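# Close look at the chain arrangement
Below are the chains, spelled out letter by letter.
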Amino acid sequence: MLIALVLFFSLANLGTAFSIGALVLPLILGAVLLIWAKTRGIGVGVLIISAAAWLVVIGPCLGLLNGL
């Protein structure tokens, strides 16, 4: 996930479609991995890491928007 975040921030200037795809793709991948029992643990891990990354990104952004 760290590599994905680095790639996202380094390539985010390519356009909005890439930015949205970089954020949505791990969520879709995690949801698909939840289907099969053998990959369910990996899917849950991907979704948990994605949620934690959202908290890390959204928290400072909300702080900046609120003037803190």
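Bear in mind that the values here come from a model prediction, so they are computed numbers and not experimental data.

### Quick word on the overall build of the protein
Helix and strand content of the protein: three helices and zero strands. Scanning the protein from its N terminus toward the C terminus, one meets helices and strands in the order α-α-α. Counting only residues that meet the buried cut, the protein has 13% of its 68 residues in that class. The long-range share in the protein, meaning contacts at least 24 apart out of those at least 6 apart in sequence, stands at 27%. As displayed, the protein offers around 5100 Å² of accessible surface, 82% of which is attributable to carbon and sulfur atoms.

### Concerning a nonpolar patch on the surface
Residues L23, V24, L27, I28, V32, I35, W36, W54, V56, V57 and I58 make up a contiguous nonpolar surface patch of about 930 Å² in total accessible area. Of all elements in the fold, only α2 (16-33) and α3 (40-66) reach the threshold of two or more residues within the nonpolar patch. When residues in the nonpolar patch are grouped by element, the largest group, five residues, is from α2. By the element assignment, V57 lies in helix α3. Judged by relative accessible area, which is 31%, V57 ranks as partly exposed.

### Re the confidence of the model for the protein
For the protein, per-residue confidence averages 77 on the pLDDT scale, and residues scoring 70 or more make up 66% of the total. Mean pLDDT across the secondary structure elements of the protein bottoms out at helix α1 (residues 2-11), with 65, and peaks at α3, with 82.

What counts and what doesn't
- Residues numbered from 1 in each chain as written.
- Predicted model: local features only at pLDDT ≥ 70, side-chain atom pairs only at ≥ 80, totals over all residues.
- Heavy atoms only, no water.
- Helix = DSSP H or I, 4+ residues; strand = E, 2+ residues; numbered from the N terminus.
- Buried < 20%, exposed > 50% of the residue type's maximum accessible area, 1.4 Å probe, protein only.
- Contact = heavy atoms within 4.5 Å.
- Areas by Shrake-Rupley, 256 points an atom, 1.4 Å probe, with all protein chains shown as cover.
- Patch = residues over 30% accessible without salt bridge, like charges linked within 9 Å, V, L, I, M, F, W, Y side chains within 5 Å.
- Salt bridge = Lys/Arg side-chain N within 4 Å of Asp/Glu carboxyl O.
- pLDDT = per-residue confidence, 0-100.

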